[in-house]
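Summary of structural features
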Amino acid sequence: LTTEPISESVKENVITGEDVVAKAKEYLGCPYSYGKAGPSSFDCSGFTSYIYGLMGYTINRTASTQLNSNGTSVAYADLKPGDLVFFRDYSCTKSASHVGIYIGGGQFIHASSSRSGTGVKISSLSETWYANRYVGAKRILA
């Protein structure tokens, strides 16, 4: 795994959503741990902030502040690889309680604490829990 940030010159010219997804996939299987932001374990927003940090972008640390303060809003129909996708548990009073990185094909990669398997994994936006709790998406890359 490469944990070195990408240089500013590269960031300005080359980073794509596919680059973000490829980097995120390097961490598949890493364990979930609440409050952790890598490199050996993550919570959901720790994972997204860590991956974007490696790509040279500083984003907020929590799902709700990433939703409220980072990037540009993106319609569901316009999702592209690298976009952040947000969800809110019914009991949560914040704008978002979970975040992942869209990888394309209706799927996203995230650090999950779910009963169906913890750690960094790929899930479908159409899975009932996510489909019912989707609250929006943000594009970090220009």
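Presented here is a report on the structure given in the accompanying data block.

Parameters at a glance
Residues numbered from 1 in each chain as written. Predicted model: local features only at pLDDT ≥ 70, side-chain atom pairs only at ≥ 80, totals over all residues. Heavy atoms only, no water. Helix = DSSP H or I, 4+ residues; strand = E, 2+ residues; numbered from the N terminus. Buried < 20%, exposed > 50% of the residue type's maximum accessible area, 1.4 Å probe, protein only. Contact = heavy atoms within 4.5 Å. Pairing = 2+ DSSP bridges. Axes fitted to C-alpha atoms, helices over the stretch in contact; angles between N-to-C directions. Lys, Arg positive; Asp, Glu negative; His and termini not counted. Salt bridge = Lys/Arg side-chain N within 4 Å of Asp/Glu carboxyl O. Polar contact = N/O pair within 3.5 Å; in protein donor to acceptor, adjacent residues only side chain to side chain. Phe/Tyr/Trp six-rings, centres within 6.5 Å; stacked < 30°, edge-to-face > 60°. Lys NZ or Arg CZ within 6 Å of the ring centre and 35° of its normal.

Turning to the environment of Ser 45, a few remarks are in order. When you line up the elements, Ser 45 lands in helix α3 (residues 44–54). Looking at Ser 45, the relative accessible area reads 5%, which means it is buried. Separated by 70 residues in the primary sequence, Ser 45 and Arg 115 place their C-alpha atoms 18 Å from one another. The residues contacting Ser 45, other than those within four sequence positions of it, are Arg 61, Thr 62, Ala 63, Gln 66 and Val 99.

A few words on the sheet that holds strand β1 (residues 72–74). Strand order in this open sheet of six strands is β1-β6-β2-β3-β4-β5, and the pairing throughout is antiparallel. The open sheet has two free edges, formed respectively by β1 and β5 (117–124), since each of these has just one partner strand. Strand-to-strand twist across the sheet, computed as the mean angle between neighbouring axes with direction ignored, equals 35°. Direction of pairing for strand β4 (residues 107–114) relative to β5: antiparallel, over a ladder of eight bridges. Across the sheet, Phe 108 pairs through a bridge with Ser 123, a residue of β5. Its contacts with the sheet put helix α2 (residues 17–25) on β3 (98–104), β4 and β5, and the angle it makes with β3 is roughly 115°. Across the sheet, α3 is in contact with β2 (84–87), β3, β4 and β5; its angle to β3 comes to roughly 50°.

A word on the side chain of Lys 138. With respect to the element layout, Lys 138 can be found in strand β6 (residues 134–139). Buried within the structure, Lys 138 lacks any salt-bridge partner; Asp 83 is the closest side chain of opposite charge, at an N-O distance of 11 Å. From its side chain, Lys 138 meets the backbone oxygen of Leu 67 in a polar contact 2.7 Å long. Setting aside chain neighbours within four positions, we find Lys 138 in contact with Gln 66, Leu 67, Asn 68, Ser 69, Asn 70, Gly 71, Thr 72, Ser 73, Val 74, Asp 83, Leu 84 and Phe 86.

Attention shifts here to the packing of aromatic side chains. Tallied over the entire structure, the rule returns eleven aromatic pairs. Ring geometry for Tyr 27 against Tyr 50: centres 5.7 Å apart, planes inclined by 85°, an arrangement best described as edge-to-face. Of this pair, Tyr 27 sits in the loop between α2 and α3 while Tyr 50 is found in helix α3, placing the two residues 23 residues apart along the sequence. Residue Tyr 50 is classed as buried on the basis of its relative accessible area of 15%. Through a chain of ring-to-ring contacts, three or more aromatic side chains come together here, namely Tyr 76, Phe 87, Phe 108, Trp 129, Tyr 130 and Tyr 134. The ring of Tyr 90 carries the charged tip of Arg 133 above its face, separated from the ring centre by 4.0 Å.

What follows covers the pairing of β2. Here β2 shows two buried faces, one formed by Leu 84 and Phe 86 and the other by Val 85 and Phe 87. Both β2 and β3 contribute to a ladder of four bridges, which runs antiparallel. Opposite Phe 87, over in β3, you have His 98 as the bridge partner. Where β2 and β6 come together, four bridges link them in antiparallel fashion.

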